[in-house]
Structures are given as structure tokens and as C-alpha cells.
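Okay, here's what each chain looks like letter by letter:
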Amino acid sequence: MTTVKTKLNFTKRLIEDLPRPAKGKRAYYYDMKVRGLGVALTDKGTITFIVYRKIDGRPERITLGRYPDLSIENARSKACEVNSQ
């Protein structure tokens, strides 16, 4: 599976306007304000907030919740909590 990784300043409009990846692919976009906070965008348009970090050298993606049920501000707060653990 090919992924796209880009750092952006998350806003409601920007997230809603992100281009969908090709069928069967997933795109990842990361926030410039909070380390590790990102969105995973599927080809069907599902947007999920995640935190990407490495624990003991192993990559880990933690799902925070789906957009728009989870706001950008709440996702940033949750990501900070996850990062502080």
C-alpha cells in the first residue's frame, strides 16, 4: 500500500478539502502544531485522527477518533495526552 505523508497546519476547511487517494490506498497528513498528530484518509473519504510515534524503536499508530465527530482542537488535546504518556 502506497502512502502520502505531508505536514500541514490543520484547519477544518483544509481537512475537508484533502484529495482522496487512489482506490485501495490511504494517505496520511500530519499536523505542524502537535508532534505525531495526523489524519488517515481513505479512498472512500473516511478521515480518522491518529497519533504516530515510536515506542522502543517500533512504530505505533494510535487511533483517536473520526473527523468530524472529533474536532481538530480535541484531537490536538488527545494527541498531547498520548505524547505525554
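Calculation notes
Along each chain, the written sequence defines residue order, and numbers are assigned to residues from 1. For a predicted model such as this one, the threshold for reporting local features is a pLDDT of at least 70, and the threshold for listing and counting side-chain atom pairs is 80 or more; totals across whole chains, interfaces and linings nevertheless cover every residue. For the side-chain quantities, the full set of heavy atoms in the structure was used; hydrogens and water were omitted. We place a 1 Å grid over just the protein atoms. Points where a 1.4 Å probe fits but has no way out form a cavity, open points with protein on both sides within 12 Å along at least 5 of 7 lines form a pocket, and any residue with an atom within 4 Å of a point lines it. Grid points are joined across faces, edges and corners, and a volume is the space filled by probe spheres set on the points. The helix count covers DSSP runs of H or I at least four residues long, the strand count covers runs of E at least two residues long, and both are numbered beginning at the N terminus. Three classes are used, and their members are as follows: Ala, Val, Leu, Ile, Met, Phe, Trp, Tyr, Cys and Pro are nonpolar, Asp, Glu, Lys and Arg are charged, and the others, Gly among them, are polar. Exposed residues in this analysis have more than 50% of their type's maximum accessible area, buried residues have under 20%, and partly exposed residues fall in between, with area computed by a 1.4 Å probe over protein chains only. The contact rule is simple, with two residues in contact once any of their heavy atoms fall within 4.5 Å. Buried Ala, Val, Leu, Ile, Met, Phe, Trp, Tyr and Cys residues that are joined via side-chain atoms within 4.5 Å together make up what is termed a nonpolar core. Strands are labelled as partners when DSSP assigns at least two bridges between them. Put simply, a salt bridge is a Lys or Arg side-chain nitrogen that is within 4 Å of an Asp or Glu carboxyl oxygen.

As for the layout of surface pockets
Piece 1. Its boundaries defined by the atoms lining it, the largest pocket holds a volume of some 190 Å³.
Piece 2. The wall of the largest pocket is formed by Lys7, Tyr30, Asp31, Val34, Arg35, Gly36, Leu37, Tyr52, Arg53, Lys54 and Asn83.
Piece 3. If you list the elements that add at least two residues to the lining of the largest pocket, you get strand S2 (26-31) and strand S4 (47-55).
Piece 4. With 3 residues, S4 is the single largest residue contributor to the lining of the largest pocket.
Piece 5. For the lining of the largest pocket, the class distribution of residues is 4 nonpolar, 2 polar and 5 charged.

So, the environment of Arg20
Piece 1. Among the secondary structure elements, Arg20 is positioned in the loop between helix H1 (12-16) and S2.
Piece 2. Accessibility expressed as a relative area gives 56% for Arg20, which makes it exposed.
Piece 3. When sequence neighbours within four positions are dropped, the list of residues in contact with Arg20 reads Leu41, Thr42, Asp43, Lys44 and Gly45.

Remarks on the nonpolar core
Piece 1. Within the largest apolar cluster, 20 residues are counted, with the highest numbers of intra-cluster contacts made by Phe10, Ile15, Tyr29, Leu37, Val39, Phe49 and Leu64.
Piece 2. Elements that contribute at least two residues to this core include exactly S2, strand S3 (37-42), S4 and helix H2 (72-84).
Piece 3. The biggest single contributor to this core is H2, with 4 residues.
Piece 4. Apart from residues lying up to four places away in sequence, Tyr29 is in contact with Thr6, Leu8, Phe10, Leu18, Pro19, Leu37, Gly38, Val39 and Leu41.

Thoughts on the pairing of S4
Piece 1. With 5 bridges connecting them, S3 and S4 associate as antiparallel partners. By the bridge assignment for S4, Val39 is matched with Phe49.
Piece 2. Where S4 and strand S5 (residues 58-66) come together, 8 bridges link them in antiparallel fashion. Bridge assignment links Lys54 to a residue of S5, and that residue is Pro59.
Piece 3. Turn length for the S4-S5 hairpin, with the two strands adjacent in sequence and antiparallel, is 2 residues, and the turn residue Asp56 shows positive phi of about 55°.

Some points on the pattern of salt bridges
Piece 1. One pass over the full model with this rule turns up 3 salt bridges.
Piece 2. Residues Asp31 and Arg76 are paired through a salt bridge, measuring 2.9 Å at the closest nitrogen-oxygen approach. With a gap of 45 residues between them, Asp31 in strand S2 and Arg76 in helix H2 connect regions that are remote in the sequence. Neither residue differs from the other here; Asp31 and Arg76 are each classed as buried.
Piece 3. Glu60 is paired through a salt bridge with Arg53; the nearest N and O atoms lie 3.2 Å apart.

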